[in-house]
Structures are given as structure tokens and as C-alpha cells.
Amino acid sequence: MRLGVIWVLLALWAVAVALSVNAMFQPPTGDGFARGLNRIEGFLGYQAAALVIALIVLSVRGWAEARWLRRLTLVPILLALALVLLVGGIILYVIVMDG
């Protein structure tokens, strides 16, 4: 039962990540400054859902008995951390290069 929960959570996380990537390929809507905000909003919304699921996966990590599955449960949170570091690095780069 617990093993099934881990797999379902990993599948939900993968779906949320796929939907966030898909949101970036939607046609932009709106006009002016807010044109295309629907794509960013969709991406960040699904990434937020993926982060919540990743934290839940991390909390049930101890349920996995196999070592490879325990390692697999680290993938969602590590990718979320990598995304945060990437966006933070880009923002920092722009600030430093502009100043």
C-alpha cells in the first residue's frame, strides 16, 4: 500500500511538471504589459503544485525500503531546488550586469 502511494505521488509530480512546461507553449493572451502573463501564471501555478507534491514525496521517503526508490524520491525536491537556484541566478546575473 505504501509503495503504491509513493508511485502515485511521483506520477502526480511528473504530471504537474509536464503541465507547467505545457503552459509555457500556450499562445499569449492579453495586451500591453500583461500580454503573455497567462503563460507565466500557468507555469508558476503548476510548479507550485509540483513543489507541494515534492515535499509530500520527501515526507514519505522513509516508506521506501529499496535504496534505489529512496534515491528516486529525492529527484522531485532536487529538481525544484535546481529551478529555484536557476531563476535566482538569472535574476542575480541581470542585476549585476545592469548595475
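Heads up: these notes are all about the structure in this document.

It is worth spelling out the overall build of the chain at this point. In terms of regular secondary structure, the chain is built from four helices and zero strands. Ordered by position from N to C terminus, the α and β elements of the chain give α-α-α-α. Its C-alpha radius of gyration of 17 Å places the chain more than 25% over the 13 Å reference for a compact globule of 99 residues. Principal-axis analysis of the C-alpha atoms gives the chain an extent of 50 × 30 × 15 Å. When the 99 residues of the chain are sorted by exposure, 21% land in the buried category.

We now examine the nonpolar core. In this structure, Ile6, Leu9, Trp13, Ile53 and Val57 are the most contacted members of the largest nonpolar core, which totals 13 residues. The set of elements that each furnish at least two residues to this core consists of helix H1 (2-23) and helix H2 (37-59). Excluding its chain neighbours within four sequence positions, the residues that come into contact with Leu9 are Ile53, Ile56, Val57 and Val60.

It is worth spelling out the environment of Ile53 at this point. Mapped onto the elements, Ile53 comes out in helix H2. For the pair Ile53 and Trp13, spaced 40 residues apart in sequence, the C-alpha separation works out to 5.8 Å. Residues contacting Ile53, with those up to four places away along its chain left out, are Leu9, Leu12, Trp13 and Ala16.

So, about the side chain of Ser20. Among the secondary structure elements, Ser20 is positioned in helix H1. At 2.7 Å, the side chain of Ser20 and the side chain of Gln47 are in polar contact. Among residues more than four places away in sequence, those in contact with Ser20 are Phe43, Tyr46 and Gln47.

A cluster of nonpolar side chains, contributed by Leu86, Ile90, Leu92, Tyr93, Val94, Val96 and Met97, occupies part of the molecular surface with about 750 Å² of accessible area. Its location among the elements puts Met97 in helix H4 (residues 75-98).

Procedures and definitions
- Residues numbered from 1 in each chain as written.
- Predicted model: local features only at pLDDT ≥ 70, side-chain atom pairs only at ≥ 80, totals over all residues.
- Heavy atoms only, no water.
- Helix = DSSP H or I, 4+ residues; strand = E, 2+ residues; numbered from the N terminus.
- Rg over C-alpha atoms; globule rule 2.2 N^0.38 Å.
- Buried < 20%, exposed > 50% of the residue type's maximum accessible area, 1.4 Å probe, protein only.
- Core = buried A, V, L, I, M, F, W, Y, C linked by side-chain atoms within 4.5 Å.
- Contact = heavy atoms within 4.5 Å.
- Polar contact = N/O pair within 3.5 Å; in protein donor to acceptor, adjacent residues only side chain to side chain.
- Patch = residues over 30% accessible without salt bridge, like charges linked within 9 Å, V, L, I, M, F, W, Y side chains within 5 Å.
- Areas by Shrake-Rupley, 256 points an atom, 1.4 Å probe, with all protein chains shown as cover.
- Salt bridge = Lys/Arg side-chain N within 4 Å of Asp/Glu carboxyl O.

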